[in-house]
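Below, each chain spelled out in residue letters.
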Amino acid sequence: MVDEALSAGAVARRLGVAVTTLRTWHQRYGLGPSQHTPGHHRRYTPADLARLEIMRRLTAEGISPAEAARWARQAPDLAPTPDPGPPRLATGTRIDGPGPGTGTGAGGTRTDGTGRDGGGATIPVGRAGPAARGLARAAMRLDAVSIATTIARSLAADGVIATWDRLLRPVLVGIGERHAATSRLIEVEHLFSRCVSEAFAMVTRSGTTTGPARILLSCADEEQHSLPLEALAAALTEAGTAYRMLGARVPPAALVEAVDRTGPAGVVIWSHTRATADPHQLTTLLAVPRRPLLVLAAGPGWRADTLPAGVVRPVDLAEAVSLAVAVRDALEQSA
């Protein structure tokens, strides 16, 4: 951590987020720059930066921005520390231990994995609502019909982003927590992930997009966990934005070839783990003759301090969609 105060642009580069995101966090949640010199713009202190790193990390894990901001403001330790990368299941869902939001749910129901409900030990879903708790119970029963029905209803009522953030991520994280504690639930994770994948596929098949595919979606080299990228594909379809999906385990040379052949306006590279988040993949992409206007390093595998200049790390699915749609619109308006 450096001692000097930083501008909004410098903080955005360090965290790998857009300056507009910093402004939103400042205006809505009070996580703004605290150093003020008369006649100059306010600057971010090391303590400000540490709080913002907590905010970025928690929102990337699926915690709501309001809740993440509360934790960031109350954090006793303001020195950001490297994240070693907790264990994951096949979905790549991050498992950071109990964290904010675990303990006791509505009506006194335990949400820390120690209770029992129907199909066995319950899946913790933190502060998620009754729909997520019901979905978790269906997952424990391996009830694919109920899982599919619940997801479909949520997608129809609330859309892809809200369904992912409020319903699916809490259950995926909870399954990961239970697996980390017991080394069990592989069968639950596989069945649940398959149901989620099929639900997103339905959205992409039934959705309507216009114009050429401006966005290219790819997992990092050796990254096998593509479910969050499927969520992004479904959300882009919902926003009327055409895309190409390369899927899991895309070597840098293959990604560069795809970019050269298709000329996308934006490229999203997803990494769940530090092991697959090699910044060389990003550097190689930025050096191509037909360099994309927007390069997003999405997923918790990427470290902000290793990202090359010109790469943005979105804090959540909503921001990734917003940035992709913005670059699509900018390209169409300039055509």
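Look up a bit, the structure's there.
Rules behind the numbers
- Residues numbered from 1 in each chain as written.
- Predicted model: local features only at pLDDT ≥ 70, side-chain atom pairs only at ≥ 80, totals over all residues.
- Heavy atoms only, no water.
- Pairing = 2+ DSSP bridges.
- Helix = DSSP H or I, 4+ residues; strand = E, 2+ residues; numbered from the N terminus.
- Salt bridge = Lys/Arg side-chain N within 4 Å of Asp/Glu carboxyl O.
- Buried < 20%, exposed > 50% of the residue type's maximum accessible area, 1.4 Å probe, protein only.

Just to check I follow, could you spell out the sheet that holds strand S3 (residues 266–270) for this structure?
Within a sheet, neighbouring strands are paired by backbone hydrogen bonds and run either parallel or antiparallel to one another. Spatially, five strands are ordered S2-S1-S3-S4-S5 in an open sheet, and the strand pairing comes out parallel. Edge positions in the sheet fall to strand S2 (241–247) and strand S5 (311–312), since each has one partner strand and no second. Strand direction decides the pairing type here: S3 and strand S4 (residues 294–298), joined by five bridges, are parallel. Looking across to S4, one finds that valine 267 is bridged to valine 295.

Would you mind showing me how to read the pattern of salt bridges here?
Note that side chains of opposite charge can pair when their charged atoms are close. Considering all chains together, one arrives at seven salt bridges under this definition. One salt bridge in this structure joins aspartate 143 and arginine 141, with 3.5 Å as the shortest N-O distance. A relative accessible area of 43% means that arginine 141 is categorised as partly exposed. A salt bridge links arginine 194 to glutamate 198; its shortest N-O distance comes to 3.0 Å. Highlighted residues: arginine 194 and glutamate 198, both in helix H8 (residues 186–206), separated by four residues, approximately one helical turn.

Just to check I follow, could you spell out unusual backbone geometry for this structure?
Glycine aside, residues mostly have negative phi, and peptide bonds are mostly found in the trans state. For serine 183, which is not a glycine, the phi torsion comes out positive at approximately 60°. By relative accessible area, which is 59% here, serine 183 ends up exposed. Non-glycine residue arginine 249 carries a positive phi angle of around 50°. Relative to the helices and strands, arginine 249 is located in the loop between S2 and helix H10 (252–262).

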